[in-house]
Structure formats: structure tokens, C-alpha cells
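# Per-entry structural report
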Amino acid sequence: MIRSELIQKIAEENPHLFQRDVERIVATVFDEIISAMSRGERVELRGFGAFSVKQRQSRQGRNPRTGESVQVDEKHVPFFKTGKLLRDRLNGLDNSDG
């Protein structure tokens, strides 16, 4: 599913909302998640999962084409850990009471 499909699905299930309002809501949710992560904060959506940022230390790497040793700088990478409800649904377990 891509962003436009998500917006379409939400708009279909909420006919009282205008399409542009749904687009604004989805954009705001994504922007807030990105902003929080850029500040190093963890974002938890209960039942769905948690977004966080992990720090990768600098290291020596290799250029796969030449085999030459290169320095890889420290960097921050996004990390997502699934919530229990999502894991259970993916594995065919019904956990609709929690």
C-alpha cells in the first residue's frame, strides 16, 4: 500500500471528511513521526509498533568493485519494531480483544 492508497481508503471509510482533509491528516501524522525521530525520540503506536533511531558507528568498509578499504562514517538509521497485535495478526492469530 502506498500513501495515496492509504488516503483513498481512509476517505472511503469516512465519507464525512473531504479528500483534502484526509490528505492533510495523513501528511501531519507522517510529518510528526519524522520530526520526533529526527529529534532522537521514539514513536510508539500501540498494537502496531515502535519507530526509533539507531546509531551505526563508523567503520572500515570495502569498495565491492575495487576491494579498496574505505572509511564508512557514523550514521543514524530508522528502526521499526512490530507490536504484539501486528505480529499476532501476521501469524494468523486473532487478538481482537486487546
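Residue numbers here run from 1 along each chain, matching the order of that chain's written sequence. The predicted nature of this model means local features are confined to residues of pLDDT at least 70 and side-chain atom pairs, given and counted, to a pLDDT of 80 or more, with totals for whole chains, interfaces and linings taken over all residues. The basis for every side-chain value is the complete set of heavy atoms in the structure, and neither hydrogens nor water enter the calculation.

## Observations concerning the overall build of the chain
For the record, the criterion: Only runs of H or I of at least four residues qualify as helices and only runs of E of at least two qualify as strands under DSSP, and these elements are numbered from the N terminus. The globule rule is 2.2 Å times the number of residues to the power 0.38, and the radius of gyration it is compared with is taken over C-alpha atoms. Using a 1.4 Å probe on the protein chains alone, a residue whose accessible area is under 20% of its type maximum counts as buried, one over 50% counts as exposed, and one in between counts as partly exposed.
In terms of helices and strands, the chain carries three helices and five strands. Each helix and strand of the chain, placed in order from N terminus to C terminus, yields the pattern α-α-β-β-β-β-β-α. Here the C-alpha radius of gyration of the chain, 19 Å, is well above what a compact globule of 98 residues would show, namely 13 Å. Principal-axis analysis of the C-alpha atoms places the extent of the chain at approximately 60 × 35 × 30 Å. The buried share of the chain, taken over its 98 residues, is 16%.

## Some points on the domain arrangement of the chain
How big an interface is tends to be expressed through the accessible area that disappears when the partners come together. For the record, the criterion: Domain borders in the structure are assigned automatically or taken from a domain database.
Annotation of the chain at the domain level lists domain 1 (1-39) and domain 2 (42-91). On a C-alpha basis, the centres of domain 1 and domain 2 stand 24 Å from each other.

## Thoughts on the packing of aromatic side chains
Rule in force here: Centres within 6.5 Å make a pair out of two Phe, Tyr or Trp rings, where for Trp the six-membered ring is used; the pair is then stacked when the planes are under 30 degrees apart, edge-to-face when over 60, and tilted otherwise. Either the NZ atom of lysine or the CZ atom of arginine qualifies as a charge over a ring when it sits within 6 Å of the ring centre and within 35 degrees of the ring normal.
In the structure shown here, the tally under the stated rule is two aromatic pairs. Between the aromatic rings of F51 and F80, the centroid separation amounts to 4.8 Å while the plane-to-plane angle is 50 degrees, which identifies the pairing as tilted. Of the two residues, F51 is situated in strand β2 (residues 49-56) and F80 in strand β5 (residues 75-82); the sequence distance between them amounts to 29 residues. Clustering of aromatic rings is evident, with ring pairs tying together F48, F51 and F80. Sitting over the ring of F18, R20 keeps its end group 4.8 Å from the ring centre. The ring centre of F79 lies 4.3 Å from the NZ or CZ of K54, which sits over that ring.

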